[in-house]
Amino acid sequence: MNSYTVNVATGHQMFSGTDNYIYITLIGTEQCSDKVLLDKSLYDDFESGAVDSYEVKVGQDLGQLVLVKIEKQNYWIQDAWYCRYITVKTPSGEHVEFPCYRWLVDDKNVVLRDGKARLPQDDENILVKQQRQKELEIRRMTYRWKEWQPGFPMSIDANKETELPWDIQFTTKKGISFVLNYTKAIGNLCVNKFMNMFQSSWNDLADFESIFLTIKNSNIEYVMQHWKEDSMFGYQFLNGCNPVLIEKCFKLPDKLPVTHEMVSSSLERNLTLEQELEAGNIFICDYELLDGISANSTDPNTQQYLIAPICLLYKNTQNKIVPIAIQVNQTPGKDAPIFLPSDAHYDWLLAKIWVRSSDFQIHQTVTHLLRTHLISEMFAIAMFRQLPAVHPVFKLLIPHVRFTIAINTKAREELICEGGLFDKANAIGGGGHVQIIQKVMKTLTFRSLCFPDMIRMRGMDNNEEIPKYFYRDDGYRVWEATKSFVSDVMCIYYSNDERVQGDGEIQAFVKDVSDFGMQDSDSGGFPKCLNSREELIEYLTVIVFTASAQHAAVNFGQFDWFSWIPNAPSTMRKPPPNQKGLATLSLIMESLPDRGRSCWHLGAVWALSQYQENELFLGMYPDVHFTEGRVKAAMEKFRKELAGISESIKIRDEKKRMPYYYLRPDKIPNSVAI
């Protein structure tokens, strides 16, 4: 009689234990054992966080142990059990690890492979080949594509978060309701008394301070004090919440007829505007994407407005980026004056406020929602559909899609749906957010998701010409560290390009993203196949970086930059002036969000800026999907490199009035989960 010692680890999550029967079957290359009931004579078996040990007696020689089958049968109540892993000590003394990290729900079973990652072409045993295919067949039935809106990236086929497979739902029901989170945020911020005061304007800019009774930090206070300054306005294009729009401008577009005479008083080098353009000192932010997008009309009592301004910026002799001209729409003419710093104070201030409001709309819908949330979900669904748990790419990516499908499903359920919270305060709500994503998807490219390419395409890559662009500088370092880590892991399994070409599962993964996730959009250049190891490494780096660093850069600064309402109005209630000399403080106050919308906006940006409970930051991989020592060494190298980056950013930020910490690795969550 052969004796196997089986250790079963239950999850640490609340309610992850079970009172039901657990059976195990050991499957080897020669034989499989009988189904064995793991003894539950002790009442504390399978409790949360426990590791329970059992002896399994087997009469025959199983050969090499390759699979473990776990079955849960309901006893007298139905519950779910979360199994972290199973380890088996064989009669020869070998310890074999079987990672699980899955929920067993109702009378269900799961078949586990040992922890060593394998490509499909490396499987020789017929049992494991069959199990590999069966796992993917079940996954494709479970993780189905669905078009939530025409022209959007495809999403998961579920109307509610509770309809998702247990393995991708939030581990706790606490804190995942946008309605509850926003209401809680409004309570925490002590602005309850204002939240239903729609149509009620603030009297003065200083009145916005009345909604900051409890929560401030140094960045918020600095924004409140300096938001009117041109240098602060320009700084946000580099290091604010939306640092991805500014471009170097070498030739003015015809639709922006700015002349040297208009801006000469803002130029500091005794050069003409044409010469400044040639010298690379002129930049542009064009909000053309907002042109033709419908403004929110869900509230019949409040007219709301969207515009598509163009902002021209200049790098002065102090290397600061400052605005020098703003046109409030895309079509020049007598009804579209070009506002200048030399104009009357309120004319120029209101023009800048309009740009900030437009920037907020693009940030919320394109930079944040589309380019991090929806794109990450698309990669996650394809991963579940095409890569089995034994595949090294599945093991690499699974920490970086944690809760992403769940948070997006919840957003479609409560936030961006018709009548959702997005409609309450945002000018682009009420359908405009759908229109703009449909518009952007027609031109979205894979190359624009590659961080170095995205920086280079905008002409913003030279750190000597454009200093203090911390989003770029920190982003480069995190990108390179991530790419190095991905390379270290992938080179363990792919010794050459032919190994990539011969991996049918990885080819199906990228094809699923292109053909279904992106709905076979030929214009986007999303790969339909991967021909080299370098292509695979870059592709996976895009996925990991988008889900972690890029999302952190554009999400967790929202309260810092957007909580001071005049600096980031979520809506505007008056149209922009069609001639100079009309702006007054009264017009500005009537244009800015009313008290109710201000409070909903404040609650939103506070809630969205909070980390999850028990957040896992970049490089933290507590679930041991990889068991190989070489991969664990690569992880440790990655963590050390990230720690070095974090420390250097901390040292730099000690000297700054406004620290830039959004791309500090110890503040970058592994995945899109908020």
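Everything numeric in this text was worked out from a predicted model, so none of it was measured.

Visitor: Could you give me a rundown of the overall build of the protein, with the residues and numbers involved?
Guide: Of the regular secondary structure elements, the protein holds 20 helices and 15 strands. The C-alpha radius of gyration of the protein comes to 28 Å, within 12% of the 26 Å expected for a compact globule of 674 residues. When its C-alpha atoms are laid out on the principal axes, the protein stretches across 95 × 55 × 45 Å. Each of the 674 residues in the protein was classed as buried or not, and the buried ones make up 59%. Counting every atom, the protein has about 26600 Å² of accessible surface; 49% of that belongs to carbon and sulfur.

Visitor: Pulling in residues and values, what's your account of the sheet that holds strand S5 (residues 65–73)?
Guide: On the basis of which strands lie adjacent, the open sheet formed by 4 strands has the order S3-S2-S5-S8 and antiparallel pairing. A strand with exactly one partner marks an edge of an open sheet, and here the two such strands are strand S3 (36–37) and strand S8 (109–113). As judged from the 2 bridges shared by strand S2 (residues 21–28) and S3, these two strands associate in the antiparallel manner. What sits directly across from Tyr 23, in S3, is Leu 37. Against the sheet, helix H1 (residues 126–142) contacts S2, S5 and S8, and its axis sits at roughly 45° relative to S5.

Visitor: Just give me the short version of empty space enclosed by the protein, but keep the residues and values in it.
Guide: In this approach a probe as big as a water molecule rolls over the atoms, and the regions it shows empty are the leftover space. By the definition in use, this model includes 6 cavities of 30 Å³ or more. Roughly 50 Å³ of internal volume is contained in the second largest cavity. Together, Trp 227, Lys 228, Phe 233, Leu 349, Lys 352, Ile 353, Arg 356, Pro 566 and Asn 567 line the second largest cavity. Here the lining of the second largest cavity takes 4 residues from helix H7 (residues 345–386), the largest share from any one element. Its residues placed into classes, the lining of the second largest cavity shows 5 nonpolar, 1 polar and 3 charged.

Visitor: Go over the pattern of salt bridges with me, naming the residues and quoting the values.
Guide: On inspection of all chains with the given rule, the structure shows 36 salt bridges. Arg 139 is the salt-bridge partner of Glu 135, the closest N and O atoms lying 2.8 Å from each other. Highlighted residues: Glu 135 and Arg 139, both in helix H1, separated by 4 residues, approximately one helical turn. In this structure, the salt-bridge partner of Lys 255 is Asp 286, at a minimum N-O distance of 2.7 Å. With Lys 255 in the loop between strand S11 (247–248) and helix H5 (260–263) and Asp 286 in strand S12 (residues 282–286), the pair connects residues that are 31 residues apart, well separated along the chain. For Asp 286, a relative accessible area of 30% puts it in the partly exposed group. Salt bridges sharing common partners tie together Arg 113, Asp 123, Arg 132 and Glu 505.

Visitor: Quick rundown of the UniProt feature "binding site: Ca(2+) 1" (unreviewed entry) in the protein? Include the residues and the values.
Guide: Listed under "binding site: Ca(2+) 1" (unreviewed entry) in the UniProt record, and renumbered for this structure, are Gly 17, Asp 79 and Ala 80. Structurally, Asp 79 can be placed in the loop between S5 and strand S6 (80–89). With respect to the secondary-structure elements, Ala 80 resides in strand S6.

Visitor: Can you tell me about the environment of Lys 439, naming the residues and giving the values?
Guide: Here Lys 439 lies in helix H11 (residues 432–441). Put simply, Lys 439 and Gly 151 are 288 residues apart on the chain and 8.2 Å apart in space, counted from C-alpha to C-alpha. Contact partners of Lys 439, with chain neighbours within four places excluded, come to Glu 288, Leu 289, Asp 291 and Ile 293.

Visitor: Quick one: what's the story with helix H9 (residues 404–415), residue by residue and with numbers?
Guide: Most of H9 sits out of view: 11 of its 12 residues are buried. Along H9, the residues classified as buried are Thr 404, Ile 405, Ala 406, Ile 407, Asn 408, Thr 409, Lys 410, Ala 411, Arg 412, Glu 414 and Leu 415.

Visitor: Go over helix H19 (residues 595–608), please, and point to the residues and values.
Guide: Compared with the 20 Å implied by 1.5 Å per residue over 14 residues, the 20 Å span of H19 between its first and last C-alpha is a close match. For H19, the tally of buried residues reaches 14 of 14 residues, placing the bulk of the element in the interior. At the N-terminal boundary of H19, the capping side chain belongs to Asp 594, with an oxygen 3.2 Å from the backbone nitrogen of Gly 596.

Visitor: Describe the UniProt feature "site: Essential for stabilizing binding to COTL1" (unreviewed entry) in the protein, naming the residues involved and giving the relevant values.
Guide: Here, the residues flagged by UniProt with the feature "site: Essential for stabilizing binding to COTL1" (unreviewed entry) are Trp 103. Here Trp 103 is to be found in strand S7 (residues 95–105). Residue Trp 103 is classed as buried on the basis of its relative accessible area, which comes to 12%.

Visitor: Tell me about the nonpolar core, and please be specific about residues and values.
Guide: Of all hydrophobic cores here, the largest spans 167 residues; its most connected members are Ile 246, Tyr 471, Met 490, Phe 509, Tyr 539 and Leu 540. Here this core gets 21 residues from one element, more than from any other, and that element is H7. Apart from residues lying up to four places away in sequence, Tyr 471 is in contact with Leu 238, Asn 239, Pro 243, Val 244, Phe 451, Met 454, Ile 455, Arg 458, Gln 550, Ala 553, Tyr 660 and Leu 663. By size, the runner-up hydrophobic cluster in this structure holds 25 residues, among which are Val 96, Cys 100, Val 110 and Leu 112.

Visitor: I'd like a rundown of the sheet that holds S12, residues and numbers included.
Guide: The strand order across the open sheet formed by 5 strands is S11-S12-S13-S14-S15, and the pairing between neighbours is antiparallel. For this open sheet the edge positions go to S11 and strand S15 (338–339), each flanked by a neighbour on one side alone. Relative to strand S14 (residues 321–327), strand S13 (residues 310–315) runs antiparallel, the two sharing 6 bridges. Along S14, the bridge assignment pairs Tyr 314 with Val 322. Across the face of the sheet, helix H4 (residues 230–239) comes into contact with S12, S13 and S14 while running at roughly 95° to S14. Each of S13, S14 and S15 is contacted by H7, which is oriented at about 95° to S14, the strand it contacts most.

Visitor: Provide a residue-level description of the packing of helix H13 (residues 470–493) against helix H20 (residues 629–653), including the pertinent values.
Guide: Here H13 crosses H20 at 170°, and the two axes come no closer than 9 Å. Taken together, the axes of H13 and H20 are roughly antiparallel relative to one another. A breakdown of the residues in the contact of H13 with H20 according to their chemical character gives 14 nonpolar, 4 polar and 7 charged.

Visitor: I'd love a proper account of the pairing of strand S4 (residues 51–58), names of residues and values included.
Guide: In S4, alternate side chains face the same way, and those of Asp 52, Tyr 54, Val 56 and Val 58 are buried while those of Val 51, Ser 53, Glu 55 and Lys 57 on the opposite face are not. The sheet contact formed by strand S1 (residues 2–10) and S4 spans 8 bridges and is antiparallel. The partner of Thr 5 across the bridge, within S4, is Glu 55.

Visitor: How would you summarise the packing of aromatic side chains if you had to cite specific residues and measurements?
Guide: Applying the stated criterion across every chain yields a total of 28 aromatic pairs. Aromatic pair Phe 485 and Phe 638: ring centres 4.4 Å apart, planes at 0°, arrangement stacked. Here Phe 485 is found in helix H13, whereas its partner Phe 638 is found in helix H20, with 153 residues between them in sequence. For the pair Phe 485 and Phe 638, one class covers both residues: buried.

Scoring rules and cut-offs
- Position numbers for residues count from 1 along each chain, tracking the sequence in the order it is written.
- pLDDT decides what is reported in this predicted model: residues at 70 or higher carry local features, side-chain atom pairs at 80 or more are listed and counted, and totals for whole chains, interfaces and linings draw on all residues regardless.
- Calculated side-chain values reflect all of the structure's heavy atoms, with hydrogen atoms and water omitted.
- Each helix is a run of H or I in the DSSP string that is no shorter than four residues. Each strand is a run of E no shorter than two, and both are numbered from the N terminus.
- Atoms counted for the radius of gyration: C-alpha only. Globule rule: 2.2 Å times residue count to the power 0.38.
- Exposed residues in this analysis have more than 50% of their type's maximum accessible area, buried residues have under 20%, and partly exposed residues fall in between, with area computed by a 1.4 Å probe over protein chains only.
- Accessibility throughout is a Shrake-Rupley quantity obtained with a 1.4 Å probe, and a residue counts as covered only by protein chains that appear here.
- Being paired, for any two strands, means DSSP has found at least two bridges between them.
- In what follows, a contact means two residues having at least one pair of non-hydrogen atoms within 4.5 Å.
- An axis is simply a line fitted to the C-alpha atoms; with a helix, the fit covers only the stretch in contact. Between two such axes, the angle follows the N-to-C directions and lies from 0 to 180 degrees.
- Whether a set of points on the 1 Å grid over the protein atoms alone is a cavity depends on a 1.4 Å probe fitting there but being unable to get out, while an open set qualifies as a pocket with protein on both sides within 12 Å along at least five of seven lines; lining residues are those with an atom within 4 Å of a point.
- Grid points are joined across faces, edges and corners, and a volume is the space filled by probe spheres set on the points.
- Gly falls in the polar group here, along with every residue not listed as nonpolar (Ala, Val, Leu, Ile, Met, Phe, Trp, Tyr, Cys, Pro) or charged (Asp, Glu, Lys, Arg).
- Salt bridge, as applied in this entry: a Lys or Arg side-chain nitrogen positioned within 4 Å of an Asp or Glu carboxyl oxygen.
- UniProt positions are given in the numbering used here, feature names are shortened, and annotations may be inferred rather than shown by experiment.
- Helix span is expected to be 1.5 Å times the residue number reduced by one.
- Any N or O atom pair separated by 3.5 Å or less is treated as a polar contact, with the protein-specific requirement of one donor-capable and one acceptor-capable atom, and with residues adjacent in sequence counted only for side-chain atom pairs.
- For the purposes of this section, nonpolar cores are sets of buried Ala, Val, Leu, Ile, Met, Phe, Trp, Tyr and Cys residues that join through side-chain atoms within 4.5 Å.
- Each angle is binned into one of four classes, with values under 35 degrees roughly parallel, values over 145 roughly antiparallel, values of 65 to 115 roughly perpendicular, and all other values oblique.
- Ring pairs shown here join Phe, Tyr and Trp side chains whose ring centres sit within 6.5 Å, with only the six-membered ring taken for Trp; geometry is labelled stacked below 30 degrees between planes, edge-to-face above 60, and tilted in between.

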